[in-house]
Amino acid sequence: MAIKIAPSILSARFDRLGVQVREAAEAGADMLHIDVMDGHFVPNLTMGPAIVKSIRPLTQVPFDAHLMVTHPQEFVKPFADAGVDDLTVHVESDHDIRATIRTIRDAGVRPGVVLNPATPFEKAAPYLEHADMLLIMTVDPGFSGQAFRANVVPKIREARRYIDKEGLTTEIQVDGGIKVDTAPIVAEAGADILVSGSGIFPDRIRENLLAIRRAAEKGRAGSKRV
């Protein structure tokens, strides 16, 4: 399976958001990552369903929304109605994870679960047979532009071994500090989808996206899972 690249629009220029969304899509983005923060679960506020709805007509590229919110079950319908294709929710949030996954699925959206850097893989494992995606954070969620935390890489390897052993189709997504130098590390460890914000936006979007893809593909080629 080819590596997928998901530019995070949190790092785009919001005065030119529509233009930058189109540029990323035309540059070959496999999906567009949308960071949703409520100012409570993480100390930042970002974008809501209205922004998603406003940019949805601009491209057919799938929208991948990461809900960094305390009560994700309350956000499923608004974002599903706005046009997202994937919704990932934190195991650390205050909700019944299985029930939220069912709610996402019933809304016609692909569900996923998220692990913060300090959260062990075992906290997500029970839900992976019901989830289409596992998002592993390699920075603390809340702000873009943070440095990559290499101590999370063993967790990516652990997740890869588990998913392959169990014969699951769950994709591993990695988000946080993903740039040309770190893309091959997480790809070699077993990541399927790489999220990059400041590594792609706001300038030289096509050049940056292609550079990260090439680096990730080299990392994948060096792994045992090609």
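Residues numbered from 1 in each chain as written. Predicted model: local features only at pLDDT ≥ 70, side-chain atom pairs only at ≥ 80, totals over all residues. Heavy atoms only, no water.

Q: Is there a simple way to think about the environment of D132 in this case?
A: Mapped onto the elements of the fold, D132 is located in the loop between β5 (110-115) and β6 (133-137). On the accessibility criterion, D132 (16% relative accessible area) is buried. A C-alpha to C-alpha distance of 4.6 Å links D132 and T170, two positions 38 residues apart in sequence. (Helix = DSSP H or I, 4+ residues; strand = E, 2+ residues; numbered from the N terminus. Buried < 20%, exposed > 50% of the residue type's maximum accessible area, 1.4 Å probe, protein only.)

Q: When you look at the pairing of β6 in this model, what are you seeing that I'm missing?
A: Each regular strand displays side chains that alternate between the two surfaces of the sheet. With respect to burial, β6 is a largely interior element, 5 of its 5 residues being buried. Burial along β6 is two-sided: M133, L135 and M137 and L134 and I136, pointing in opposite directions, are all buried. Of the pairings in the sheet, the one linking β5 to β6 comprises 4 bridges and is parallel in character. Looking at β6, one finds that G112 is bridged to M133. (Pairing = 2+ DSSP bridges.)

Q: Would you explain the sheet that holds strand β3 (residues 63-68) in this entry?
A: The pairing of strands in a sheet comes from backbone hydrogen bonds and takes either a parallel or an antiparallel form. What the 8 strands build is an open sheet, ordered β1-β8-β7-β6-β5-β4-β3-β2; its pairing is parallel. The strands lining the two open edges of the sheet, one partner per strand, are β1 (4-7) and β2 (32-37). Mean inter-strand twist for the sheet, computed between neighbouring axes without regard to direction, equals 25°. Summarising the sheet, strand β7 (residues 171-175) and strand β8 (residues 193-196) pair through 3 bridges and their orientation is parallel. Residue pairing for β8: Q173 is matched across the bridge by I193. Relative to the sheet, helix α7 (residues 205-221) contacts β1 and β8, its axis offset from that of β1 by approximately 145°. (Axes fitted to C-alpha atoms, helices over the stretch in contact; angles between N-to-C directions. Contact = heavy atoms within 4.5 Å.)

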